[in-house]
Amino acid sequence: VVEPNDTIDMIFSVSTLSGGYMYSRGFGFEKVDNMGDGKTMISDLGLDSYFVTLGKGDLPVGIEDALLGMKKGERRRVELPPSVGFETSNWKPEPTTRRGISRIAGYKLILNGNGSSNPPFPAATIWDIEVLAIKGKR
């Protein structure tokens, strides 16, 4: 069971509240360079994950709270309001693809506003998370 300050290996996918895909890690939605040559791109399903220690600020507070009590192999869908979202983790975990980086930039514009015609809006995100392994406290 995931406890505070545990180190875990997880996969996740981040979407807008309306269902628009933003980016993910390990769910098979992104492509990774399998051979290191920049040409052989394959799905990241089962190949990529996010190794993180809870309490270090590398995950949004709302996701850390949602992970507590989860077991290995368990999945959860979490609606994350901005008050406990990306801004609480200095925008980590960062996307690794151009598309993901672009989607996060667009999301920041929604949260912060973009001039008088586009005022700030407290847009929530949806996270699908799965715990792959629990390493315990470090």
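Refer to the structure printed above.
Residues numbered from 1 in each chain as written. Predicted model: local features only at pLDDT ≥ 70, side-chain atom pairs only at ≥ 80, totals over all residues. Heavy atoms only, no water.

### Points about the overall build of the protein
In terms of regular secondary structure, the protein is built from two helices and seven strands. Secondary structure of the protein in N-to-C order comes out as β-β-β-β-β-α-β-α-β. Counting across all 138 residues of the protein, residues that qualify as buried make up 43%. In the protein, once contacts between residues fewer than 6 apart in sequence are set aside, the share between residues at least 24 apart is 64%. Total accessible area on the protein stands at roughly 7,700 Å², and carbon and sulfur atoms take up 52% of it. (Helix = DSSP H or I, 4+ residues; strand = E, 2+ residues; numbered from the N terminus. Buried < 20%, exposed > 50% of the residue type's maximum accessible area, 1.4 Å probe, protein only. Contact = heavy atoms within 4.5 Å. Areas by Shrake-Rupley, 256 points an atom, 1.4 Å probe, with all protein chains shown as cover.)

### Some points on the packing of aromatic side chains
As enumerated under the stated definition, the model contains eight aromatic pairs in all. Consider the rings of Phe86 and Tyr107, whose centres lie 6.2 Å apart with planes at 65 degrees: the pair is edge-to-face. One end of the pair, Phe86, is in the loop between β6 (75–80) and α2 (98–112); the other, Tyr107, is in helix α2, and 21 residues separate them in sequence. On the basis of relative accessible area, Phe86 is assigned to the buried category, the value being 3%. Between the aromatic rings of Phe86 and Trp127, the centroid separation amounts to 5.3 Å while the plane-to-plane angle is 45 degrees, which identifies the pairing as tilted. Here Trp127 lies in strand β7 (residues 125–137) and Phe86 lies in the loop between β6 and α2, a separation of 41 residues in the sequence. Cluster of aromatic residues (ring-pair linked, three or more members): Phe12, Tyr23, Tyr50, Phe86, Trp91, Tyr107 and Trp127. (Phe/Tyr/Trp six-rings, centres within 6.5 Å; stacked < 30°, edge-to-face > 60°.)

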